[in-house]
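Structure assessment
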Number of protein chains: 2
Amino acid sequence: MTHVTATPTVTALASSLPPGMVVTDPDIVGGYRQDRAFDPQAGTPLALIRPHTTDQVQTVVRWCATHRVPVITRGAGTSLSGGSTAVDGAVMICTEKMRELRIDTATRTAVVQPGLFNSEVKAAAAAAGLWYPPDPSSFEICSIGGNVATNAGGLCCVKYGVTTDYVLALEVVLADGRAVALGGNRLKDSAGLSLTKLFVGSEGVLGIITEVTLRLLPPQPPAATVVAGFADVDAACAAVLAVTAEMRPAMLEFMDGVAINAVEDHLRMGLDRTAGAMLVAQSDAVGPAAAAEVEIITRAFTAHGAAEVFATDDAAEGEAFTAARRMAIPALERTGSLLLEDVGVPLPALPTLIDGIAAIADRQRVTISVIAHAGDGNTHPLIVFDPEDADEHQRAEVAFGAVMDLAIGLGGTITGEHGVGRLKKAWLPDQVGPDVMELTAVIKNALDPDGLFNPGVML
Amino acid sequence: MTHVTATPTVTALASSLPPGMVVTDPDIVGGYRQDRAFDPQAGTPLALIRPHTTDQVQTVVRWCATHRVPVITRGAGTSLSGGSTAVDGAVMICTEKMRELRIDTATRTAVVQPGLFNSEVKAAAAAAGLWYPPDPSSFEICSIGGNVATNAGGLCCVKYGVTTDYVLALEVVLADGRAVALGGNRLKDSAGLSLTKLFVGSEGVLGIITEVTLRLLPPQPPAATVVAGFADVDAACAAVLAVTAEMRPAMLEFMDGVAINAVEDHLRMGLDRTAGAMLVAQSDAVGPAAAAEVEIITRAFTAHGAAEVFATDDAAEGEAFTAARRMAIPALERTGSLLLEDVGVPLPALPTLIDGIAAIADRQRVTISVIAHAGDGNTHPLIVFDPEDADEHQRAEVAFGAVMDLAIGLGGTITGEHGVGRLKKAWLPDQVGPDVMELTAVIKNALDPDGLFNPGVML
């Protein structure tokens, strides 16, 4: 299908949607071709459609099914693995205008359209005296639909789990245009297959998520924050294991020396530039339990050689350190182009992973800075390269693959929370094996026999 | 296929398994025909096979696939919805001899074979200083494999979630005999479709679960227990909503007057026989938070007319009331045969559900006692009937269906934690609708095209 022959049919689709909803203006469409993976091979979609309602999504999918036009679903476009990169000749459905939300305090649930930012869901829950825990670092700019599509995580997961743990129900538009309601606003439901959970993390390849029912919790108690610098990565990793052996921290984040310095260049908040690694831990226990947890963390940090342990009950002080950790990616982006990894390993393998990443950096002569949700073994190695230097770019790409190979070899995953997308697809078979790939394809083909949804992702 | 022609081929299967593993002795096989649903129409399996290893399960499934013999998987046979009832001519695989377990404290996981009792997994976790939360009332006699197959719940779910929230990885034998490993011992994993979660709650229709990796938590803090009697069901339901509006109890259980009296007949522990309903709540908060939660519960109970509120920090006293609640089903079983319901509704609909159940009991002239995991809206109406009285039995069956119809009408589920099995299959389409039934069938057919696994369940 070429643009020339396709345009008339898009016009036909446009007539069954509100005026102006089907956008073909190349300047506007061009802004939606790439996501945060900045894939230079991103295609050019036939049209960009920003529906408001499930009905409108169904209209688009039915038209696409009839004309065998692929559909790329995009939320806020913050995918780091190319999960919402455009494909030539596809229709791109962007959910950014699907922004309805209602909170039900009696069932402690939020029913939301996919286009809201994670931060907006959090804020609405907070306004109702409730809490939506999952907190990707990009929470202010990533969509809740994308969070569900990738089973996104964040900083609180070490204690509070990931997105799927909070999804009670979904409305999904299938490849033939039907909208189905899966699950309900009940904490317990064993009726039929767990289809809701199947669609969480399905990265747009099985259907389009048009409504999400989320479980909310009572507000998180105020957290105490404990911060320390360590001489090297191994000491910090040993401290991580010492903490998690005794308690469940509400947060346990790691930055290596490169990240510390990049953040300090940017924020000038007095981080120890000489430290080889830094940990930021939080306890949200209440009363004497809070003091006991802070004591466990402090003891573990000190026992593993922390020069100075800083502990605070002050929320603003604690948030400053969390923000510093979140700042690592943007701060490192100022030093070069980044390839962002998302590899995870069983916790005891964390030091081996980080040491192995340093060896890969040496071998490929690139800088790799490691930041991590250390408490759950999920790391974000950031491969820094000069995009003008073709050889270095090439070596960075080799390192990108080598880090995933390393994680797989350690019994880990190529993606803890970002999804496979297009960037990591080639490594998925190595992680899960041919039988699971075949099972995946069997389900994909059963639900989307014409391969309409997000072609090139995952499979 | 009849027994006469089939027996020789079972002999062939027997030769590829350890001696004596294929059992055809009718006396032994007969003990495995029914589960706790006591379906009088249970069939007679061709053979009973109690494998020790995944390999042996694969051998059986390959033979069954070749000969188109259906496979019923049975754990401890405690299904209340006929999920493991035998079918004529099927091979029954019972997992009771698959009893290996290892705990990994570093990753805080348990890797278990399916045949262990829930209580054994809990005990092994406790011995390692950890906690496996899900706690079906049958925890001492139900298998962990069955828990996963039904996405079982229990008393702690109101705060700690259900089985699926604790399943990180599965090993599953597929319909062609391949064994696949899904997920891993990582808290976060976004690589590929959420196949692990799809198999949780799949009731043996997609594959046979041969190994489970469970997430464990640090030990539960000691719980305080608050108990009160109420004049009637509506007052108790109002108290439930008042509690959950302010906090997340670790347990919030309900018994109606019939259940109270049946338990008191049995235990003679001094329960208030005049009460129309009783609530048993627990808080496992720590330090001052514990006292604050007990205060919230006590205030809510008193505000809704509780005559006397009994609160205790004593674990043994608390456990006595939990045990009383667990005793309700066996105590009522002494008064007649039971049809056990498992309907759930969004929490605000709880009083409407329980009132409606009373109306159904009146209309059908049967006793229906309601016990409930009230904090999450999951009720177990127990329909008591005299099995010798054919007319009453018939009216009990009508009531059984009417209760499910009522729950569906209230936006609820026909099963919160027991599964659909064979008994509730006819109501599933009314709950989820034809599109979800079709989606379910599409996935079933994709994974098990010959319909080998647990025919007659769910679909």
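Residues numbered from 1 in each chain as written. Chains lettered and ligands numbered in written order. Predicted model: local features only at pLDDT ≥ 70, side-chain atom pairs only at ≥ 80, totals over all residues. Heavy atoms only, no water.

We apply this condition: UniProt positions are given in the numbering used here, feature names are shortened, and annotations may be inferred rather than shown by experiment.
In the nomenclature of an unreviewed UniProt entry, chain A is known as Glycolate oxidase of Williamsia sterculiae. Heading Cofactor (unreviewed entry) of the UniProt record for chain A holds this comment: "FAD". Check the Sequence similarities (unreviewed entry) section of the UniProt entry for chain A; it says "Belongs to the FAD-binding oxidoreductase/transferase type 4 family."

**As for the overall build of chain A**
The following threshold applies: Numbering of helices and strands runs from the N terminus; a helix is a DSSP stretch of H or I covering at least four residues, while a strand is a stretch of E covering at least two. C-alpha atoms define the radius of gyration, and 2.2 Å times the number of residues to the power 0.38 defines the globule rule. By definition in these notes, contact holds between two residues if any of their heavy atoms fall within 4.5 Å. Accessible surface area values rest on a Shrake-Rupley calculation with a 1.4 Å probe, where residue burial reflects the displayed protein chains alone.
Helix and strand content of chain A: 15 helices and 16 strands. A globule of 459 residues ought to have a C-alpha radius of gyration of about 23 Å, and chain A, at 22 Å, matches this closely. If you take every contact in chain A between residues at least 6 apart in sequence, the share linking residues at least 24 apart comes to 71%. Approximately 15800 Å² of chain A is accessible, and the part contributed by carbon and sulfur atoms is 54%.

**Topic: the nonpolar core**
Filter applied, for reference: The term nonpolar core refers to a set of buried residues drawn from Ala, Val, Leu, Ile, Met, Phe, Trp, Tyr and Cys, joined through side-chain atoms within 4.5 Å. Buried means the residue's accessible area, taken with a 1.4 Å probe over protein chains only, is under 20% of the maximum for its type, while exposed means over 50%, and partly exposed covers the values in between.
Counting 187 residues, the largest nonpolar core has A:F254, A:F301, B:F254 and B:F301 as its most contacted members. Looking at this core element by element, the count peaks at eight residues for helix α14 (residues 390-409) of chain A. What A:F301 contacts, discounting residues up to four positions off in sequence, is A:V226, A:V227, A:A228, A:F230, A:A239, A:V243, A:L252, A:L279, A:A281, A:A306 and A:V309.

**Observations regarding the sheet that holds strand β16 (residues 378-385) of chain A**
Residues and elements named next belong to chain A. Condition: A pair of strands counts as paired when DSSP detects no fewer than two bridges linking them. For helices, the fitted line uses only the C-alpha atoms of the stretch in contact; every axis is such a line through C-alpha atoms, and the angle between N-to-C directions lies from 0 to 180 degrees.
On the basis of which strands lie adjacent, the open sheet formed by seven strands has the order β13-β10-β12-β11-β15-β16-β14 and antiparallel pairing. Looking at which strands have only one partner, the edges of the open sheet turn out to be β13 (309-312) and β14 (337-340). Across the sheet, the mean angle from the axis of one strand to that of its neighbour is 15°, orientation sign disregarded. Pairing analysis gives six bridges linking strand β11 (residues 251-256) to strand β12 (residues 277-283), with the strands arranged antiparallel. Bridging from a neighbouring strand, D256 pairs with A277 of β12. Helix α9 (residues 257-267) contacts β11, β12 and β15 (367-373) of the sheet and is inclined by roughly 90° relative to β11. Running at roughly 165° to β16, α14 makes contact with β14, β15 and β16 of the sheet.

**Quick notes on the packing of aromatic side chains**
Residue and element names in this part refer to chain B. Convention followed: Any Phe, Tyr or Trp ring, taking Trp's six-membered ring, that has another such ring centre within 6.5 Å forms a pair; planes under 30 degrees apart are called stacked, those over 60 apart edge-to-face, and the others tilted.
Using the criterion set out here, one finds 10 aromatic pairs over all chains in the structure. With a centroid separation of 5.4 Å and 80° between ring planes, the pair formed by F230 and F301 is classed as edge-to-face. Here F230 is found in strand β10 (residues 224-230), whereas its partner F301 is found in helix α10 (residues 288-303), with 71 residues between them in sequence. Neither residue differs from the other here; F230 and F301 are each classed as buried. Consider the rings of F400 and W427, whose centres lie 6.2 Å apart with planes at 90°: the pair is edge-to-face. Of this pair, F400 sits in helix α13 (residues 390-409) while W427 sits in the loop between α13 and α14 (428-447), and the two are 27 residues apart along the sequence. Take F400 and W427: they sit in the same class, and that class is buried.

**A look at the relation of the copies chain B and chain A**
The following threshold applies: Least-squares fitting of one copy onto the other uses the C-alpha atoms of those residues that reach a pLDDT of at least 70 in both copies.
Superposition of chain B onto chain A requires a rotation of 180° combined with a translation of 0.0 Å along the rotation axis, giving an RMSD of 0.0 Å. What the superposition gives is, in effect, a two-fold axis relating one chain to the other. A shared binding surface is used by both copies, with 100% of the interface residues of chain B retained as interface residues in chain A.

**Here's the deal with the pairing of strand β7 (residues 167-173) of chain A**
Residue and element names in this part refer to chain A. Along β7, six of the seven residues are buried, which leaves the element largely enclosed by surrounding structure. Pairing geometry for β7 and strand β9 (residues 208-215), over six bridges, is antiparallel. Pairing of E171 across the sheet is with E211, part of β9. Summarising the sheet, β7 and strand β8 (residues 179-183) pair through five bridges and their orientation is antiparallel. What sits directly across from V172, in β8, is V180.

**Digging into the confidence of the model for chain A**
Stated formally: pLDDT expresses, on a scale from 0 to 100, how confident the predictor is about each individual residue.
Averaged over every residue, the pLDDT of chain A is 95; the share at 70 or more is 98%. Below pLDDT 50 for its whole length, residues 1-6 of chain A participates in nine contacts with residues either more than four positions away or in separate chains.

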